[in-house]
Amino acid sequence: MLKERFVWEVLAEKEKLLEGEVRICGWVHRIRDLGRVKFAIIRDRSGSIQVTAKKGESPDTVLETIESLRQESVVCVDGVLKKAPTREGVEVKATKITVINTPVEPLPLEVEGSEKASLPTRLRYRWLDLRNPKITAVFELEAFVARVFREYYTSQGFVEIFTPKIVAAGTESGAEVFPVLYFDKTAFLAQSPQFYKQFAVIAGLERVFEIGPVFRAEPHHTSRHLNEYHSLDIELGFIESFHDVMDYVEGFIRSLAGRVEEEPARRALETYSAEPPRLPASGIPRIPIAEAYEILREKYGKEVEEGEDLDSEGERLMGQYAREELDSDFVFIIEYPWKVRPFYTMRMESNPELTYSFDLLYRGLEIVTGGQREHRYHQLVSNLKDKGLEPEGFQFYLDFFKHGAPPHGGAGMGLERIVMQTLGLDNIREARMLPRDTERITP
Ligand code: 4AD
């Protein structure tokens, strides 16, 4: 039996396949009926190809089938690959067309040029929007980023873990949790694998990573927040300082930037006319937040109160600074105030109002948060109290630290934000196949 092939496979091997039989399955992109000659453009994930039938040369059934086709019908075409004056230089002269399914309603969204429709319409009819190869390219890049992440950390001796998403407590102060009814108890959807990646390090796995969904019940209406996103997490033991964690984050970023010429990343960047990520050979700059306040004040006239976090404008300006002054799309901001970091963060020995923590900004948007964790039991209890939290509520977590916890640290990276910044998308919803936000739980 003839094997179904992706359009790109046929095009890549066209010299070899010429005058041979091929089978293409996909959707009817367009139909052109010139009477004696009939054309159908068949599209699959990887591209499109012209299918032709000629009166007198092609079977009558094929000509009749092309006449009856509707846009977005699902078909399989068997035919002979021929040279043709098309953009691809070839076409399929059909010998058989099987119609597998036909739309039952007029199309609410045209696949071609769907990116020009409004975002709510695109998300409402996402299954049509995604048939546009320009949109599919976003998710091929997303898969690529996740693959590079997995490959890089695996090569560095990290073990992939799969932690519970139904949990007993929130981990990230400030971010809200979604409650779930769990038999006769209230549980929560995990905001982060934070506690359990630390658990895995303490439990002896030493270096771990996870790619998984996280849930944030924040009523945000911004272009950079989702209520469900994918977090790329790492955690490692026996660090000497939080700089070791940054080194591993940078290693991944460097690996990713070094591989954007590979498919499908190359195609995605080309489709969006996006520049490859730029980072200096000398390393991603690491700027203490105290210095960032000064840069913002002196260079951009922006005041941020000492001890406060950077807002989105502050991040954007620091991104601009990194690009213009340091020739880098990335910049680490380090040593955040204790006040704005979660209780598990290690406070600086020389100044307990600051922490051994960092954010990584990519083209002016935070894509990574990380730092060293407090691994000393009594200090951890004191950190909880200092944040006004009841240690009893976190006892299951505190217990991990009772029987030998190595110094450790880690980071969490937002997958959709990495994709969004790489392609220059305007809204993070574009980087999520089916975004969950305050308005959407369907489709
Ligand atoms: O800054 P966050 O909340 O940090 C944590 O989850 C820590 N447990 C990480 C750690 O290991 N210390 O989230 C980490 C990253 C952010 O830098 C951002 O890229 C992304 O996750 N992120 C979001 N992405 C989309 N929508 C949201 N609502 C996001 N909140 C955070």
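Structure: above.
Residues numbered from 1 in each chain as written. Predicted model: local features only at pLDDT ≥ 70, side-chain atom pairs only at ≥ 80, totals over all residues. Heavy atoms only, no water.

(A) Representation of the overall build of the chain. Secondary structure summary: the chain contains 14 helices and 17 strands in total. Once local pairs closer than 6 in sequence are excluded, the contacts in the chain between residues at least 24 apart make up 65%. When the accessible surface of the chain is summed, it comes to about 20600 Å², and 52% of that surface belongs to carbon and sulfur atoms. Side-chain charges in the chain split into 58 positive and 73 negative, and the spacing between the mean points of these groups amounts to 7 Å. (Helix = DSSP H or I, 4+ residues; strand = E, 2+ residues; numbered from the N terminus. Contact = heavy atoms within 4.5 Å. Areas by Shrake-Rupley, 256 points an atom, 1.4 Å probe, with all protein chains shown as cover. Lys, Arg positive; Asp, Glu negative; His and termini not counted. Charge placed at Lys NZ, Arg CZ, Asp CG, Glu CD.)

(B) Representation of the environment of alanine 431 in the model. Residue position: alanine 431 is located in the segment after helix H14 (415–423). Assessed through its relative accessible area of 0%, alanine 431 is described here as buried. For alanine 431 and tyrosine 229, which are 202 residues apart along the polypeptide, the C-alpha to C-alpha distance reads 9.8 Å. If we skip the residues at most four places from it in the chain, alanine 431 touches Val138, Phe139, Glu142, Glu416, Val419, Met420 and Leu425. (Buried < 20%, exposed > 50% of the residue type's maximum accessible area, 1.4 Å probe, protein only.)

(C) Representation of a negative patch on the surface within the structure. Where like charges cluster on the molecular surface, the negative patch consists of Glu291, Glu294, Glu298, Glu305 and Glu306. Following the sequence through the fold, glutamate 294 ends up in helix H10 (residues 289–300). (Patch = residues over 30% accessible without salt bridge, like charges linked within 9 Å, V, L, I, M, F, W, Y side chains within 5 Å. Salt bridge = Lys/Arg side-chain N within 4 Å of Asp/Glu carboxyl O.)

(D) A look at unusual backbone geometry. Of note, the bond from glutamate 263 into proline 264 is cis; its omega dihedral lies within 30 degrees of zero at 0 degrees. Within the secondary structure layout, proline 264 lies in the loop between helix H8 (242–258) and helix H9 (265–271). Phi is positive for phenylalanine 183, close to 55 degrees, though the residue is something other than glycine. In this structure, phenylalanine 183 sits in the loop between strand S9 (179–182) and strand S10 (185–189).

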